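Residues per chain, in single letters:
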Amino acid sequence: MSFHPDLATTAAPSRAHIHHVRAGELVGDTAQTSGMTRLEAVSGKTVVSERIWTGETHVAPATNSGNHHHGEAETSIYVVSGHPEFVFHDGHGEVRISTGPGDYIFVPPYVPHREENPDPAVPAVVVISRSTQEGIVVNVPELTPLQEPPG
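What counts, and where the lines are drawn
- Residues numbered from 1 in each chain as written.
- Predicted model: local features only at pLDDT ≥ 70, side-chain atom pairs only at ≥ 80, totals over all residues.
- Heavy atoms only, no water.
- Helix = DSSP H or I, 4+ residues; strand = E, 2+ residues; numbered from the N terminus.
- Buried < 20%, exposed > 50% of the residue type's maximum accessible area, 1.4 Å probe, protein only.
- Contact = heavy atoms within 4.5 Å.
- Areas by Shrake-Rupley, 256 points an atom, 1.4 Å probe, with all protein chains shown as cover.
- Phe/Tyr/Trp six-rings, centres within 6.5 Å; stacked < 30°, edge-to-face > 60°.
- Lys NZ or Arg CZ within 6 Å of the ring centre and 35° of its normal.
- Pairing = 2+ DSSP bridges.
- Axes fitted to C-alpha atoms, helices over the stretch in contact; angles between N-to-C directions.

Our focus in this paragraph is the overall build of the chain. Secondary structure summary: the chain contains one helix and 11 strands in total. Ordering the α and β elements of the chain from the N terminus gives β-α-β-β-β-β-β-β-β-β-β-β. Here the chain, with 151 residues, has 36% of them falling under the buried criterion. Sequence separation of 24 or more characterises 70% of the internal contacts of the chain that already satisfy a separation of 6 or more. With the model as given, the accessible surface of the chain reaches about 8200 Å², and the carbon-plus-sulfur share is 56%.

So, in structure tokens, the structure goes:
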């Protein structure tokens, strides 16, 4: 991560400048779920963000992630490549949303879901932004309908 040295001063707090996270600087030191790889770009750890987390998720061909939710975080997903499917339980059964490049998905807080990549050859890559400073990941054994959120 870098910033323009001419704009920095020794007295300026780290939140007083723009941070640049290059494509090769994303880190995998974040919460993970089986069957996928999360890479962190913008977070409290990486750029001192206070209310947002952004990164990428990669799901290999013919692979499903484990079931999980993101606690209190709202999650916005942008499909970069591949045709991932997002699966959740609506109280009657599993619902599958098929996507493609350029599509967006919104996942409300506490909704258990999983990502699936049915393509036998092409990885699925998505960019994720969450409304929390760090990437909250709660892995769960099965998809269940959303009950009232805790709190």
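The rest of the description comes next.
Attention now moves to the side chain of Ser65. Relative to the assigned elements, Ser65 resides in the loop between strand S3 (63-64) and strand S4 (68-69). Those residues within four positions of Ser65 in sequence are excluded, and the remaining contacts are Thr33, Ser34, Gly35, Met36, Arg114 and Glu115.

Further remarks concern the packing of aromatic side chains. For the structure shown, the criterion picks out one aromatic pair. Ring geometry for Tyr78 against Tyr104: centres 4.9 Å apart, planes inclined by 55°, an arrangement best described as tilted. One end of the pair, Tyr78, is in strand S5 (residues 75-81); the other, Tyr104, is in strand S8 (residues 104-107), with 26 residues separating them in the sequence. Above the ring of Trp53, the side-chain terminus of Arg130 is found at 4.9 Å from the ring centroid.

With that settled, the discussion passes to the sheet that holds S8. The five strands are arranged S1-S2-S10-S5-S8 in an open sheet whose pairing can be described as antiparallel. Looking along the sheet, the strands with just one partner apiece sit at the ends: strand S1 (37-42) and S8. Each strand axis lies, on average, 25° off the axis of its neighbour in the sheet, ignoring direction. Note: S5 against S8, four bridges, orientation antiparallel.

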